[in-house]
Amino acid sequence: MPTKTLRIPTADGQADAFAAFPDRGGRHPGVLMYSDAFGVRPALREMARELAGHGYYVLVPNFYYRHGPAPVIELPEHIGEEVRPAVIGRLMPLLEADITTERVLRDADAYLTFLTTQPEVSAGPVAVTGYCIGTLLALRTAAAHPDQVAAVAGFHPGFVVTDAPDSPHRLVPELTAEVHLGLAEGDLSPEIISELNQALDAARVGHTCEIYPDTIHGFTMSDTDAFSAAGLKRHWDRLLSLLDRTLATD
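As the structure is a computational prediction, the values presented were derived from the model and not from experiment.

Caption draft 1: Region of interest: the packing of aromatic side chains. All told, the structure shown has six aromatic pairs when counted by the stated rule. When the centroid spacing of 5.4 Å and the interplanar angle of 10 degrees are considered together, the rings of F21 and Y57 count as stacked. Of this pair, F21 sits in the loop between β2 (13–20) and β3 (30–34) while Y57 is found in strand β4 (residues 57–61), placing the two residues 36 residues apart along the sequence. Grouping residues by exposure puts F21 and Y57 together as buried. Chaining the aromatic ring pairs together yields one cluster made of Y131, F155, Y212 and F219. Above the ring of F18, the side-chain terminus of R45 is found at 5.7 Å from the ring centroid. Sitting above the plane of the Y212 ring, R234 keeps its charged end 5.8 Å from the centroid.

Here's what the structure looks like:
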């Protein structure tokens, strides 16, 4: 599986990124993949390679690039519960600095421009997927680029329904992309899920918001204690089905 380490020009510098794509040559639909809060690391690279094996060019940017290349802090091979609070404590100031609406939108412009101009990427719409906080980035990207993004998926999402005026769920009317959200049990309250579904219904976009059974937050990440093999498989089933409906592969 061909892979590349790339640098994406942005308004604030150069974002390092990882890309994976099929090894049979030609051009393939593009997918922008946003990581969870732990950032780009071997587990995310493996997920990108898996998705690329199904016929997609997958770009995984380091959204912490303003603080250095990935990984921006030293990460253990396995992020167990005993080290998780310390790791999150080191990342949180960086996350709060970088996940502002203005920075996310500037970066999204740069990431999509870069993705869609790669020689291995076919013309036409792209998809965006995200994990945990990456779901917030994916939704903002899709809402800001309705003419480019045909599908958006988020798994074990965080901060998608808040009281803020620019909460991601308030952007739903701007979406044209089909949406899938795969939730762990306890990720969102029934009231918030209902509010989110009502917003998606009102926007008249295709959508599914599904609770994956027997999962906890972070279930797709193989390098954490939250990992669920069954949850990851369901994630692939739902994601690949969504991409198959919305993007044309060769």
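After presenting the structure, the write-up continues.
Caption draft 2: Here's a closer look at the side chain of D16. Examined against the element boundaries, D16 turns out to sit in strand β2. For D16, which is buried and forms no salt bridge, the nearest opposite charge comes from R7, at a distance of 5.3 Å. At 2.9 Å, the side chain of D16 forms a polar contact with the side chain of N62. A polar contact is formed between the side chain of D16 and the backbone nitrogen of A70, at a distance of 3.0 Å. Once residues within four sequence positions are removed from consideration, D16 is found in contact with L6, R7, P61, N62, Y65, G68, P69 and A70.

Caption draft 3: The arrangement of the side chain of D187 in detail. Take D187: it is sitting in the loop between β7 (178–184) and α5 (190–203). R84 is the oppositely charged side chain nearest to the buried, salt-bridge-free D187, at an N-O distance of 8.8 Å. A polar side-chain atom of D187 sits 2.8 Å from the main-chain amide nitrogen of A184. In terms of polar contacts, D187 uses its side chain to reach the side chain of H217, at 2.8 Å. The residues contacting D187, other than those within four sequence positions of it, are H156, P157 and H217.

Criteria and cut-off values
Residues numbered from 1 in each chain as written. Predicted model: local features only at pLDDT ≥ 70, side-chain atom pairs only at ≥ 80, totals over all residues. Heavy atoms only, no water. Phe/Tyr/Trp six-rings, centres within 6.5 Å; stacked < 30°, edge-to-face > 60°. Helix = DSSP H or I, 4+ residues; strand = E, 2+ residues; numbered from the N terminus. Buried < 20%, exposed > 50% of the residue type's maximum accessible area, 1.4 Å probe, protein only. Lys NZ or Arg CZ within 6 Å of the ring centre and 35° of its normal. Lys, Arg positive; Asp, Glu negative; His and termini not counted. Salt bridge = Lys/Arg side-chain N within 4 Å of Asp/Glu carboxyl O. Polar contact = N/O pair within 3.5 Å; in protein donor to acceptor, adjacent residues only side chain to side chain. Contact = heavy atoms within 4.5 Å.

So yeah, pure geometry; function would need other evidence.
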